[in-house]
Amino acid sequence: MPGELPILYSFRRCPYAMRARMAIAVSGQTCALREVVLRNKPPEMIEVSPKATVPVMVFPDGRIIEESLEIMHWALNRNDPEEWLSPLSEKSKEINALIAQNDGPFKDNLERYKYSTRYSISAPLHYR
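Below you will find a few notes about this structure.

Space inside the largest pocket adds up to approximately 1,000 Å³. In this structure, the largest pocket is lined by 40 residues; those nearest its centre are Pro-15, Tyr-16, Arg-19, Ser-68 and Asp-103. By residue number, the principal contributor to the lining of the largest pocket is helix H4 (residues 86-114), which donates 13 residues. Here the lining of the largest pocket is composed, by residue class, of 23 nonpolar, five polar and 12 charged.

Under the defined criterion, the tally for this structure stands at one aromatic pair. The ring of Tyr-119 carries Arg-112 above its face, with NZ or CZ at 4.6 Å from the centroid.

Residues Val-54 and Pro-55 are joined by a peptide bond in cis, for which omega reads 0 degrees. Among the secondary structure elements, Pro-55 is positioned in the loop between helix H2 (43-48) and strand E3 (56-58). With a phi angle near 60 degrees, Ala-52 is a residue other than glycine that sits in the positive phi range. Secondary-structure assignment places Ala-52 in the loop between H2 and E3. The residue Ser-120 is not glycine, and still its phi comes out positive at about 55 degrees. Mapped onto the secondary structure, Ser-120 falls in the segment after H4.

Conventions and cut-offs
- Residues numbered from 1 in each chain as written.
- Predicted model: local features only at pLDDT ≥ 70, side-chain atom pairs only at ≥ 80, totals over all residues.
- Heavy atoms only, no water.
- 1 Å grid on protein atoms, 1.4 Å probe; cavity = no way out; pocket = protein on both sides within 12 Å on 5 of 7 lines; lining within 4 Å.
- Points joined across faces, edges and corners; volume = space filled by probe spheres on them.
- Helix = DSSP H or I, 4+ residues; strand = E, 2+ residues; numbered from the N terminus.
- Nonpolar A, V, L, I, M, F, W, Y, C, P; charged D, E, K, R; others polar.
- Phe/Tyr/Trp six-rings, centres within 6.5 Å; stacked < 30°, edge-to-face > 60°.
- Lys NZ or Arg CZ within 6 Å of the ring centre and 35° of its normal.

Structural data, given as structure tokens:
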């Protein structure tokens, strides 16, 4: 339907959802924000994205983006007033390596430090 907004399923403390929301805000794109309670995920989100993780963007035409970096690229490719994508043309290898480091080993260690009881870790300082 004309005039319908994409829907962004998000969680306010999720770093992946944060970066998607930041790119949407910087780009000036508009969407309907649906804050998700992770212990009670909305069935309509799970229906369109069975992996049931945030962020998820659902477009009026049925298209779905389930990865934060893809949501960022969607928004910034439409409008990038702060030129966030500009360094990608010159240093994409280094930038992608940094993103992979932060999304992988860094986030794993951060989770084990912050939520050591969830992982049954007796020495969380090791992960700090």
